[in-house]
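A closer look at the structure
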Amino acid sequence: MEVYCSPRPILWVHSEGLGPKNPALQEHPNTPAIFVFDRFLIEQGRFSRKRLAFLYECLLELPVTIRQGDVVAEVLRFARRHAADTIITSQAVDPRLKAFCKALEDTLPVVVLEPEPFVSLSPSIYLNRFSHYWRYAQSLVWQDF
C-alpha cells in the first residue's frame, strides 16, 4: 500500500473504519482525526441506542475527535481548524459515505486508502445483512484457531 505524504493532512474516520487496523490511522498515527455521527441518520432513527453505544465505545479506543452534525460540514470545519491541505480516509462501501467523499473533494483533495480485508469471500455471496456475511465469514475467521 502506498503511503500518501501531505504536509498538513487530517483523517476522516467513518463507520466502516472504526478499528485500529484502519489504514489511515495506521499510516498517519500522529495526524488529527475526526469521526462525525451523522445527525441526519440519528434524527431519522436509523441507529438504535445499542448501535450508537457500540459505535461510541469503538471510538473511545481510537485517537479521534468525535462530533455530531452534518458530516461534510464538520469534516471541513475540522480541516480548516487544522489548516489541512488534504483529507485522508479509508475506502467505504456505503453509498452515503462515498457521496460524502465526493462532496469533500469539492473543497480539498481526498485520499482514500484501501483496508486489508477481514476475510476474502466469493463475490457471489449475498451480503445484504451482517448475519448473512457472518454466516460465511466466521468459519474463515476461526479456521486457524
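This text follows the structure it describes.
Figured I'd write up the structure that's included with this text.

What counts, and at which threshold
- Residues numbered from 1 in each chain as written.
- Predicted model: local features only at pLDDT ≥ 70, side-chain atom pairs only at ≥ 80, totals over all residues.
- Heavy atoms only, no water.
- Pairing = 2+ DSSP bridges.
- Helix = DSSP H or I, 4+ residues; strand = E, 2+ residues; numbered from the N terminus.
- Core = buried A, V, L, I, M, F, W, Y, C linked by side-chain atoms within 4.5 Å.
- Buried < 20%, exposed > 50% of the residue type's maximum accessible area, 1.4 Å probe, protein only.
- Contact = heavy atoms within 4.5 Å.
- Salt bridge = Lys/Arg side-chain N within 4 Å of Asp/Glu carboxyl O.

Focus: the pairing of strand β5 (residues 110–113)
- With four bridges connecting them, strand β4 (residues 86–90) and β5 associate as parallel partners. Directly across from T89, in β5, lies its bridge partner V112.

Comments concerning the nonpolar core
- Judged by nonpolar contacts, the single largest core of 19 residues is most densely connected at I10, W12, V75, I87 and L104.
- If you list the elements that add at least two residues to this core, you get β1 (9–12), β2 (33–38), α4 (71–81) and α5 (95–105).
- In terms of residues, this core owes the most to one element, α4, which gives six residues.
- Setting aside its immediate chain neighbours within four residues, I87 contacts I10, W12, V75, L76, L104, L108, P109, V110 and V111.
- With 16 residues, the next largest nonpolar core counts A33, F37, L62 and V64 among its residues.

A word on the environment of H82
- Within the secondary structure, H82 is located in the loop between α4 and β4.
- Residues H82 and R8 lie 74 residues apart in sequence; the distance between their C-alpha atoms is 7.8 Å.

Points about the pattern of salt bridges
- Inspection of every chain in the model, using the stated rule, returns two salt bridges.
- Put simply, D38 and R96 hold a salt bridge, and the shortest N to O gap is 2.7 Å. Here D38, found in strand β2, pairs with R96, found in helix α5; they are 58 residues apart in sequence, far enough to count as distant.
- Looking at D38, the relative accessible area reads 8%, which means it is buried.

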